[in-house]
Amino acid sequence: MLSARKEGNIGSIFANSFKGELPVRYADLKKEISPKDPSVIQNAWVRLESSFEKEAPQIKALGSKIIPQVNYQDILNGEFPSNMKDEIKKRGCVVVRGIVPTEVAEGYKQQVLDYIAAHPGQIPGFPEHDQQVWELYWSKAQVEARSHPHFVQTTTALNKLWNAQEDSLVDLETNLTYCDRLRIRKPNDESFVLREHIDGGSVERWEDSSYRKCFSNILAGEWEKHDSYDVANRLDAKMQLYDAPGGCEMFRTFQGWLALSNSNSGCGSLRVCPLVKETTAAIIMRPLLQDILETSSMGGAYPGTQIDIDPVMLPQVTDICVSIPDVSPGDAVFWHCDLVHAVDSKCLQSNDASVFYIPATPLCNINTSYVRRQRETFRLGLTPPDFPGNNAEKDFDDRAKPEDLSKLGKLGMGFERIEPKHKLTKGAQAAVDKHNHVLNFD
Ligand SMILES: [Fe+2]
């Protein structure tokens, strides 16, 4: 089935989902995955708290300035500057300035506004009475932006911050395309509010055995050894056991968006907790602390939703959230798939805050499988598989079609065979071979 989800809009991720007592199996699961000696986690937590105490003053003092910023021109041959890599990895986020020229980004926004105006009353969005997050995927501007050569370079550089083993079934040098929607947030809007959360599933992080392996050092009380950039167990992780609204089936090394307007810091934009390893350790260890170890509580994680970070459960995490700096049309921001982030409660600026959502999604089996289904929805103008099945663009003559794709667009969208430019590792070559086979390029 191409689009398994029912009709709707992004409001489904704001809807109150179940937040009551979890089934007893979660208490059993915690017993199973905790170290036999409870002091192991307690001691690890003490060390983690002192790390937060050490890092927090600098984050609070610098605010937005703590977030690494790179000019697009400094990303050469699909690599971030070597003196920036460690800081981007530590913070788990980066602002890339001028990923596309200002006039190109402003042109994208105008094209989308024209596309919306050409189809009055035919495009669902959120909120329904004053649409700002549009259920649109196939405007020519979105399709072009996703495969803009600079975007492809940047997402490749982001993927390459991750580590793959010789036999890991992933090609970090090839980014596939994930087709998401867009936001044109109006001044004074208060509808699009997301408090601190992480995406990529919820209780799945503990419950799915592969996903759990990504955090095995943390669960063993050795959070200092955790590598947020080890791709190994991500490739088999099941991030969606409960069909959560807003869930993403593809493996995103980084989530991201391209700014189409000026967006002032703290005025309706993104906030992040710029310390990825420590915040991940806190979230993963929290259910195993003594105060709730014997209960079914997962520290604020519930099936079928994103993980909202509870400021009572995890004050050290919510306490270090900072706003991203001011951004201009053509800038982009990316944040690690485990990074806690939030959206300001009010759009406090005189112009709209508009973005295309575009993540970094390397070639690997789960991404290939999604791209195969996404390719078919693109051909038919249907909503991509992860999103509410509105299929609003099906009969729009002015939507993008496969023949509009550039060479890079064809590669990312699965319309052309991937031919590696140089010798790959065994695992990467196997992932590419599988990709070409699944997409019928044998
Ligand atoms: Fe999110």
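Residues numbered from 1 in each chain as written. Predicted model: local features only at pLDDT ≥ 70, side-chain atom pairs only at ≥ 80, totals over all residues. Heavy atoms only, no water.

The chain goes by DUF1479 domain protein in an unreviewed UniProt entry, where it is assigned to Furculomyces boomerangus.

Participant: Explanation requested: helix α4 (residues 102-117) in the structure shown.
Facilitator: Residue pairs three or four apart in sequence face the same way in an α-helix, which turns once every 3.6 residues. An ideal rise of 1.5 Å per residue puts 22 Å on 16 residues; α4 measures up with 23 Å between its terminal C-alpha atoms. Here α4 has its buried residues at Ala105, Tyr108, Lys109, Val112, Tyr115 and Ile116. When α4 is viewed along its axis, its buried side chains cluster within an angular range of 120° and face the same direction. In this structure, α4 carries Glu103 and Ala117 as exposed residues pointing more than 90 degrees from its buried face. Residues of α4 that are buried sit in contact with β4 (133-134), α5 (140-146), β6 (182-185), β8 (254-259) and β14 (353-357). (Helix = DSSP H or I, 4+ residues; strand = E, 2+ residues; numbered from the N terminus. Expected span 1.5 Å × (residues − 1). Buried < 20%, exposed > 50% of the residue type's maximum accessible area, 1.4 Å probe, protein only. Arc of directions from axis to C-beta. Contact = heavy atoms within 4.5 Å.)

Participant: Please explain the coordination of the iron ion as it appears in this structure.
Facilitator: Bound to the iron ion are the protein donor atoms His197 (NE2), Asp199 (OD) and His341 (NE2), situated 2.1 to 2.2 Å from the metal. Here the donor residues of the iron ion share one chain and are spaced in sequence as H-x1-D-x141-H. The buried category is assigned to His197, whose relative accessible area is 2%. (Donors = N, O, S within 2.8 Å, 3.2 Å for Na, K, Ca; no water.)

Participant: Explanation requested: the pairing of β8 in the structure shown.
Facilitator: Taking burial as the measure, the 6 residues of β8 include 6 buried ones, the bulk of the element. The two faces of β8 match: Phe254, Gly256 and Leu258 on one face and Gln255, Trp257 and Ala259 on the other face are all buried. As judged from the 5 bridges shared by β8 and strand β12 (residues 332-336), these two strands associate in the antiparallel manner. Bridge pairing in β12 places Gln255 opposite Trp335. (Pairing = 2+ DSSP bridges.)

Participant: Can you walk me through the sheet that holds strand β13 (residues 341-343) in this structure?
Facilitator: As a general point, the strands of a sheet are linked pairwise by backbone hydrogen bonds and lie either parallel or antiparallel. Spatially, β10-β7-β13-β9-β11 is the arrangement adopted by the 5 strands of the open sheet, whose pairing is antiparallel. With partners counted over all chains shown, the strands left at the sheet margins are β10 (307-308) and β11 (322-323), one partner each. The pairing of strand β7 (residues 194-198) with β10 spans 2 bridges and is classified as antiparallel. By the bridge assignment for β10, His197 is matched with Asp308.

Participant: I would appreciate a short explanation of the packing of helix α2 (residues 39-62) against helix α10 (residues 276-285) in the present structure.
Facilitator: Axis separation between α2 and α10 bottoms out at 11 Å; the angle between their running directions is 145°. α2 and α10 meet at a crossing whose hand is left-handed. Within the contact between the two elements, α2 uses Ile41, Ala44, Trp45, Leu48, Ser51 and Phe52 and α10 uses Glu278, Thr279, Ala281, Ala282 and Met285. Within the contact of α2 with α10, the residues separate by chemical class into 8 nonpolar, 2 polar and 1 charged. (Axes fitted to C-alpha atoms, helices over the stretch in contact; angles between N-to-C directions. Left-handed = near helix turned anticlockwise from the far one by under 90°. Nonpolar A, V, L, I, M, F, W, Y, C, P; charged D, E, K, R; others polar.)

Participant: For this particular structure, what's the right way to read the side chain of Asp208?
Facilitator: With respect to the secondary-structure elements, Asp208 resides in the loop between α7 (204-207) and α8 (209-213). Lys238 is the oppositely charged side chain nearest to the buried, salt-bridge-free Asp208, at an N-O distance of 4.3 Å. There is a polar contact of 2.9 Å between the side chain of Asp208 and the backbone nitrogen of Tyr211. Engagement of the side chain of Asp208 in a polar contact is seen with the backbone nitrogen of Lys238, the distance being 3.0 Å. Here Asp208 is in contact with Asp236, Ala237, Lys238 and Leu241, once residues within four sequence places are set aside. (Lys, Arg positive; Asp, Glu negative; His and termini not counted. Salt bridge = Lys/Arg side-chain N within 4 Å of Asp/Glu carboxyl O. Polar contact = N/O pair within 3.5 Å; in protein donor to acceptor, adjacent residues only side chain to side chain.)

Participant: So what exactly am I meant to see when it comes to the sheet that holds β4 here?
Facilitator: Spatially, the 8 strands line up as an open sheet ordered β1-β2-β12-β8-β14-β6-β4-β3, and their pairing is mixed. At either end of the open sheet lies a strand with only one pairing partner, and these are β1 (69-71) and β3 (125-126). Packed onto the sheet, α4 meets β4, β6, β8 and β14 and runs at close to 90° relative to β6. In this fold helix α6 (residues 149-159) packs onto β2 (93-97), β8 and β12, with an angle of close to 25° to the strand it touches most, β12.

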